[in-house]
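A closer look at the structure
Listed below are the residues making up each chain.
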Amino acid sequence: MSETPRPDWTEHDAKLAALYRAAALDEPPPTLDHAIRAAARRAVASKPRIAGLRFSRSWRVPLSIAAVVVLSMSLVTIMREEAPDVALPPRAETPPPNTNGRVAEPAPAGGTNMAVPQTSLPGTQKPRNLGLKPPQQAPSTGIGLHGYPVSPEPIMESKKELAAADRLGTGGPSAPLTDKRALPEAFRAGANRYEDKVTAAAGKLRQSAKKDVGRDIEVSVEARRQLGAVNPTGSPAEAGASTAGPVAARPAGPARATGTATEAKDQLRPEADSDMRGSSRANIQASPVAKPLALPSAAPMAGKVQAYGDLAPAKWLERIEELYKEGRFEDAKASLAEFKERYPDYPLPASLKVWTNP
Amino acid sequence: MAAEQNLTDEGLMERYRDGDAGAFDVLYGRHKGTLFRYILRQCGSRGVAEELFQDVWMNLTRARQSYTVQARFTTYLYRLAHNRLIDHYRSQVGGVPVSFEDDDCPALEGIAGSRRDDPALNADHRQQAQRLLQLIDALPEAQREAFVLQQESDMSIEEIAQAAGVSRETAKSRLRYAIAKLRAGMQEFK
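Fair warning: this is a prediction, and the values are worked out from it, not measured in the lab.

In terms of helices and strands, chain A carries eleven helices and two strands. Moving toward the C terminus, one meets the helices and strands of chain A in the order α-α-α-β-β-α-α-α-α-α-α-α-α. For chain A, the proportion of contacts with a sequence separation of at least 24, taken over those separated by at least 6, is 67%.

From N to C terminus, chain B includes eleven helices and zero strands. Listed N to C, the secondary structure of chain B is α-α-α-α-α-α-α-α-α-α-α in terms of helices and strands. Burial statistics for chain B: of 190 residues in total, 53% are counted as buried. A fraction of 66% describes how many contacts in chain B between residues 6 or more apart in sequence connect residues 24 or more apart. Accessible area for chain B stands at about 8400 Å²; split by element, carbon and sulfur atoms hold 46% of it.

All names here are of chain B. Per the stated rule, a full pass over the model turns up 17 aromatic pairs over all chains. Their ring planes at 40° and their centres at 5.0 Å tell us that Tyr16 and Phe24 sit as a pair that is tilted. Like Tyr16, the residue Phe24 is buried in the burial classification. Site record: aromatic cluster; members linked through ring pairs are Tyr16, Phe24, Tyr28, Phe36, Phe53 and Trp57. Its end group placed over the ring of Tyr16, Arg64 keeps NZ or CZ at 5.8 Å from the ring centre.

Bringing the interface of chain B and chain A into the picture now. Taken together, the contact pairs 46 residues of chain B with 33 residues of chain A. Of all residues in chain B, the largest losses of buried area upon contact with chain A belong to Asp18, Arg37 and Gln151 of chain B, amounting jointly to 17% of the total for that side. On the surface where chain B and chain A come into contact, there are six salt bridges. Between chain B and chain A we count nine residue pairs in polar contact (both at pLDDT 80 or more) in total. Residue assignment for the side of chain B that touches chain A shows that the elements contributing at least two residues are α2 (9-17), α3 (21-43), α4 (46-62), α8 (125-138), α9 (141-153) and α11 (168-185) of chain B. Broken down by element, the residue count for the side of chain B that touches chain A peaks at twelve residues, all from α3 of chain B. Broken down by class, the residue content of the side of chain B that touches chain A amounts to 19 nonpolar, twelve polar and 15 charged.

Before going further, it helps to spend a moment on unusual backbone geometry. Residues and elements named next belong to chain B. Positive phi outside glycine occurs at Asp154, with the angle close to 55°. Mapped onto the fold, Asp154 is located in the loop between α9 and α10 (157-164). Judged by relative accessible area, which is 29%, Asp154 ranks as partly exposed.

Counting residues in hydrophobic clusters, the biggest one holds 64 residues, and the most contacted among them are Leu35, Tyr38, Ile39, Phe53 and Trp57 of chain B. At eleven residues, the largest contribution of residues to this core is made by α3 of chain B. Setting aside residues no more than four positions away along its own chain, Trp57 of chain B makes contact with Ile36 of chain A together with Phe24, Leu27, Tyr28, His31, Lys32, Leu35 and Leu77 of chain B. Tyr308, Trp316, Tyr324 and Leu348 of chain A belong to the second largest nonpolar core, which has eleven residues in total.

Residue and element names in this part refer to chain A. Predicted confidence across chain A gives a mean pLDDT of 65, with 37% of residues reaching 70 or more. Taken element by element, the predicted model of chain A shows its lowest mean pLDDT in helix α6 (residues 236-249) (43) and its highest in helix α2 (residues 30-46) (92). Contacts of residues 109-124 to residues separated by more than four positions or lying in other chains number 43 contacts, the stretch itself having pLDDT below 50. Considering only residues more than four positions removed or in separate chains, one finds that residues 234-259, a stretch of pLDDT under 50, has 36 contacts.

All names here are of chain A. Considering the arrangement of structural elements, one finds Arg328 in the loop between α9 (313-326) and α10 (329-342). Given a relative accessible area of 18%, Arg328 falls into the buried group. Separated by 3.0 Å, the side chains of Arg328 and Asp331 make a polar contact.

Residue and element names in this part refer to chain B. Judged by how many residues are buried, α2 sits mostly within the fold: eight of nine residues are covered. Buried residues of α2: Asp9, Glu10, Gly11, Leu12, Met13, Glu14, Tyr16 and Arg17, and no others. Count one or two residues on from α2 and you reach Gly19, which has phi positive near 115°.

On to the packing of α2 of chain B against α3 of chain B. Residue and element names in this part refer to chain B. In the contact formed by α2 and α3, the axes pass within 7 Å of each other and the chain directions differ by 145°. Pair α2 / α3 crosses with left-handed handedness. For the pair formed by α2 and α3, the contact residues are Asp9, Leu12, Met13, Arg15 and Tyr16 on the first element and Ala21, Ala23, Phe24, Val26, Leu27, Arg30 and His31 on the second. Residue composition of the contact of α2 with α3, grouped by class: eight nonpolar, one polar and three charged.

To continue, consider the environment of Arg342 of chain A. Residue and element names in this part refer to chain A. Of note, Arg342 is situated in helix α10. As for Arg342 and Pro313, which are separated by 29 residues in sequence, their C-alpha atoms are 9.3 Å apart. Aside from chain neighbours lying at most four places away, what touches Arg342 is Gly309 and Trp316.

Residues and elements named next belong to chain B. In contact at an axis separation of 11 Å, α3 and helix α5 (residues 73-91) are set at 35° when each is read in the N-to-C sense. Handedness of the α3/α5 crossing: right-handed. From α3, Leu27, His31, Thr34, Leu35, Tyr38, Ile39, Gln42 and Cys43 reach across to α5, where they touch Phe73, Thr74, Leu77, Tyr78, Ala81, His82, Leu85, His88 and Tyr89. Tallied by class, the residues present in the contact of α3 with α5 amount to eleven nonpolar, six polar and no charged.

Conventions used here
Chains are numbered independently. Their residues run from 1 in the order of the written sequence. Just so you know, chain letters begin at A and ligand numbers begin at 1, following the order they were written in. pLDDT decides what is reported in this predicted model: residues at 70 or higher carry local features, side-chain atom pairs at 80 or more are listed and counted, and totals for whole chains, interfaces and linings draw on all residues regardless. Only hydrogens and water are set aside; all other atoms, that is, all heavy atoms of the structure, feed into the side-chain values. Helix numbering and strand numbering both begin at the N terminus, where a helix is a DSSP run of H or I of at least 4 residues and a strand a DSSP run of E of at least 2. Note on definitions: a residue-residue contact is assigned when non-hydrogen atoms from the two residues lie within 4.5 Å. Type-normalised accessible area, obtained with a 1.4 Å probe on protein chains alone, sets the label of each residue: buried when under 20%, exposed when over 50%, and partly exposed for intermediate values. For accessible areas, the Shrake-Rupley method is used with a probe of radius 1.4 Å. Any residue's cover is judged against the shown protein chains and nothing else. Working definition: rings of Phe, Tyr and Trp (its six-membered ring) pair if their centres are within 6.5 Å, and the pair is stacked with planes under 30 degrees apart, edge-to-face with planes over 60 apart, and tilted otherwise. Two thresholds decide whether a charge sits over a ring: the Lys NZ or Arg CZ must be within 6 Å of the ring centre and within 35 degrees of the ring normal. Values labelled buried area give the accessible surface lost by two parts on being combined, using a 1.4 Å probe and summing over both. One side-chain nitrogen of Lys or Arg within 4 Å of one carboxyl oxygen of Asp or Glu is enough to make a salt bridge. Distance and chemistry together define a polar contact, namely a pair of N or O atoms within 3.5 Å, with one atom able to donate a hydrogen and the other to accept it when in protein, and with adjacent residues in sequence counting only for side-chain atoms on both sides. Throughout, the ten residues Ala, Val, Leu, Ile, Met, Phe, Trp, Tyr, Cys and Pro are labelled nonpolar, Asp, Glu, Lys and Arg are labelled charged, and all others, Gly among them, are labelled polar. By nonpolar core is meant a set of buried Ala, Val, Leu, Ile, Met, Phe, Trp, Tyr and Cys residues that side-chain atoms within 4.5 Å join together. What pLDDT expresses is the predictor's confidence in each residue, scored from 0 to 100. What counts as an axis is a line fitted to C-alpha atoms, over the stretch in contact for a helix, and the angles between N-to-C directions run from 0 to 180 degrees. Rotating anticlockwise by less than a right angle from the far helix to the near helix defines a left-handed crossing, while the corresponding clockwise rotation defines a right-handed one.

As structure tokens, this is what we get:
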């Protein structure tokens with residue numbers, strides 16, 4: 001009860017208030033007080049609460065939402081930073097190592113192999129060497145994007161082979177052959193070194209082809225000499241002069257840029273045949289296939305041919321077949337020619353008939 | 001405990017909501033007398049008043065979880081008490097007294113006439129107090145409620161209106177009429 005007089009009260013109202021306060025003295029009984037207080041404590045004890053948790057309870061949901069948002073944004077940021085490394089292809093652009101500043105140089109005239117150089121840069125894959133045959137084209141004008149020699153007018157076969165090698169090696173679409181974008185220096189240097197090796201190998205091959213051709217000629221000359229010495233129908237001088245002179249006068253010509261012994265021997269064949277036409281029965285033909293391997297010497301061969309002549313015709317033919325199988329074509333032909341001279345009407349087996357027909 | 005004594009009624013109720021049973025003890029001690037007398041004046045029976053008084057406090061403890069400070073604590077407490085009284089009236093044969101539903105108050109002229117017809121007049125102060133209580137009990141329930149709320153809790157007209165669930169003008173009319181009637185009944189002691 002308030003004893004403060006209110007503005008809207010009259011004096012009599014104040015007296016009423018005073019009288020009321022004097023009269024209204026009723027209070028609840030103590031037992032009721034005890035019961036009510038106990039019930040209030042039981043209500044609180046059933047769910048104990050700490051008074052200081054009001055802040056956490058009211059801010060629990062907003063803080064949870066904020067934490068989730070922060071975590072999500074952090075994950076998105078991290079994924080974006082890592083995504084470029086994952087999304088980039090294996091042959092990502094990387095700074096080249098120290099080089100000598102070499103630029104794209106034209107490949108030598110010997111042509112290049114389509115195999116990719118062995119030099120590899122970090123982050124790039126080693127393309128597989130498909131063992132493709134060398135192109136038969138004019139020299140290239142530089143190194144392409146993938147280290148392949150770039151030819152201004154590549155043949156279709158080389159183009160297909162390059163595309164196939166590119167796809168298999170790098171997994172991406174083949175780069176245009178005329179792409180002249182600069183390569184990393186190390187890659188270019190490796191390509192140049194590989195080209196040098198290929199050129200050197202081609203040179204060696206040419207040299208060996210020359211040697212083989214020369215060796216074949218020597219063998220032919222020696223064989224003719226041997227045959228001319230034992231030939232009863234022809235004059236030795238004529239045979240020797242006809243074989244030695246023209247052949248000697250026509251040494252093995254310079255091989256072509258391809259460096260194959262086959263082409264060199266093909267060039268010599270017409271001259272050799274014309275010379276031999278004038279000879280007696282020494283009709284030794286140049287082998288159509290180049291034999292870079294070492295050939296047996298002429299002296300042992302002559303002796304063996306004479307030895308077969310003592311055999312029976314069937315045995316002689318068998319020996320000739322063995323010579324063919326062993327790859328001793330010259331000996332086999334010489335022996336076969338001798339056999340036909342001695343036994344012109346003897347039927348030849350089918351395997352030998354092939355060799356008799358050029 | 002000393003700190004809780006200095007807290008307002010609203011602060012104590014919030015602490016009790018958060019689990020502090022001591023805050024309830026302080027709160028109960030402050031308002032148990034006034035609330036009991038209010039209920040006693042409205043129902044007219046001590047037994048009924050004790051029962052209703054206990055119910056009101058139990059309702060308060062059960063509703064503590066959802067308590068938020070939107071008005072004075074006394075307004076909230078007497079609102080609970082008013083609603084419990086209405087439920088009590090409805091359970092009675094007569095139902096809710098008409099005075100609670102009647103917003104219009106009779107003319108003050110009718111009050112003076114009734115005072116003259118009251119034969120129980122006593123010049124003693126104690127007798128005056130008793131006479132006042134009798135006059136208060138003779139008031140209509142709504143007017144009595146307004147007068148008791150004002151006298152017991154020092155509530156303003158707006159707070160009386162909120163506790164009673166009526167408009168401010170209705171609460172003002174009821175209070176004015178109650179005072180006028182009491183004033184007229186105490187004219188014998190002037």
